[in-house]
Amino acid sequence: MSTLITNIGELVTNDPDASDLLGIRTDAAVVVEDDRVAWVGDASAAPAADTVVDAAGRAVLPGFVDSHSHLAFAGDRSAEFRARMTGEPYTAGGIRTTVAATRAASDDDLRAGIGRLVGEMRAQGTTTVEIKSGYGLNVEDEARSLRLAREATSETTFLGAHVVPPEFADDPAGYVGLVTGPMLEAAAPYARWIDAFCERGAFDADQAREVLTAGAAAGLRGRLHANQLGKGPGVQLAAELGLIAVDHCTYLSDEDVDALRDSGTIATLLPGVEFSTRQPYPDARRLIDAGVRVAIASDCNPGSCFTSSMPFCVALAVREMRMTPAEAVHAATAGGAAALDRADVGRIVPGSRADLVLLRAPSHVHLAYRPGVPLVEEVWVSAEPRD
Ligand code: NIG
Ligand code: FE
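What you see is a predicted model, and the numbers here were worked out from it, not measured in a lab.

Asks: What's the story with the site of ligand 1 in this structure? I'm lost.
Replies: Neighbouring residues of ligand 1: 14 residues in total, closest I95, F197, N301, G303 and S304. Grouping the constituent residues of the shell around ligand 1 by class yields five nonpolar, eight polar and one charged.

Structure representation (structure tokens):
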């Protein structure tokens, strides 16, 4: 079964061999066959297909790849957000509120929450999403969170090292032992990645290294939350361990920027967090101009940032982090795919998964030019149009 999409206003391919960042083609057509992109080229040279879809001049982009989210949770922290907007700082202390609610929730409630948020994401153009645990913080609830997240995505991340839960307040070393021992063993069958929150008040560099090293021995690849609330050792640790991505990167020294450039570790920027915590935005220009690879993700979670919208994050990246619209769209598609080490998504080239977004707009620029407007009109996942 093949489908020809023609009359595309602007096609963003992210073809790495193109001369421009987004590999933009005009007067282009795309053929998808089964779940893959089969052909990309000039509309005048398009092959025949079983069906033809008229894009009516709309822009066609790869689906967004949201490489950082925390969707396995229960409860609501809108009161914490309201307090922040009148001057309370974000301290990550509210994580424990969500842990209590998550432990008390049934499987069906957690599953419904994940499904609702993945649905919101899908409607806004996200076709690949990474989901972390981190609100169970005991063996049973971390494994359960990952088992339920696995029902929604293959990109699952074990974040037992999110914070030390209250019952281990006097024994953080004991908690790290639990995370690297029985909890890892229970979580590993459901996870592809392992993550830690390396920050003052959460885990220090030695603890984070211990967690990531144990994860690697269990077959999980590492990623890290670092330098979100202040300068610290996390970014250097990520570079030293050769991690594929380190996320937040809000407070960076010159040495941190150099280390990211030299290691090739992707800096995943999460501008929805700074929007929702009133912290300064990460300096994306400094990173890009230094030659650091960047991705953008939502960090959708009930505390620091409760948006599921990649278009919103793209608009923030352009307006608040001085990225060009092309850089922001690339970071939210190909950048996210690179941060998950996925070559099959984030681009529209022959062989890639047919994950497409059709915008009710003629170009990708409109995602930032028209913030808050629902421009994502059609989303195809593996060649299947979904609402
Ligand atoms: O990525 N930084 C740590 N974890 C989340 C926030 C979790 C929360 O506040 O519930 C983050 O921002
Ligand atoms: Fe996060």
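So that's the structure; there's more coming.
Asks: Can you walk me through the domain arrangement of the chain in this structure?
Replies: Accessible area lost during the coming together of the parts is what is often quoted as the interface size. Domains assigned within the chain are domain 1 (2–63 + 347–386) and domain 2 (64–340). When each unit is reduced to the centre of its C-alpha atoms, the spacing between domain 1 and domain 2 is 29 Å. A breakdown of the residues in the side of domain 1 that touches domain 2 according to their chemical character gives 14 nonpolar, three polar and three charged.

Asks: I tried to follow the nonpolar core on my own but got confused; where do I start?
Replies: One broad rule of soluble globular proteins: the nonpolar side chains tend to lie buried together. Within the largest apolar cluster, 124 residues are counted, with the highest numbers of intra-cluster contacts made by V30, V60, I296, V314 and A317. Sorting elements by how many residues they give to this core places helix α11 (residues 310–321) first, with eight residues. Counting contributing residues per domain, this core is built from domain 1 (2–63 + 347–386) and domain 2 (64–340), each supplying no fewer than three. Not counting residues within four places of it along the chain, the set of residues in contact with I296 comprises L269, P271, C313, V314, A317, A328, A331, A332 and G335.

Asks: Is there a simple way to explain the environment of Y175 in this structure?
Replies: Looking at where Y175 falls in the secondary structure, it is placed in helix α5 (residues 172–187). Residues Y175 and G9 lie 166 residues apart in sequence; the distance between their C-alpha atoms is 54 Å. Discounting residues that sit within four places of it in the chain, Y175 has contacts with V164, P165 and F168.

Reading the values: the criteria
Residues numbered from 1 in each chain as written. Chains lettered and ligands numbered in written order. Predicted model: local features only at pLDDT ≥ 70, side-chain atom pairs only at ≥ 80, totals over all residues. Near = placed C-beta within 6 Å. Nonpolar A, V, L, I, M, F, W, Y, C, P; charged D, E, K, R; others polar. Domains from an automatic or database assignment. Core = buried A, V, L, I, M, F, W, Y, C linked by C-beta atoms within 7 Å. Buried ≥ 20, exposed ≤ 12 C-beta atoms within 10 Å, placed from the backbone. Helix = DSSP H or I, 4+ residues; strand = E, 2+ residues; numbered from the N terminus. Contact = placed C-beta atoms within 7 Å.

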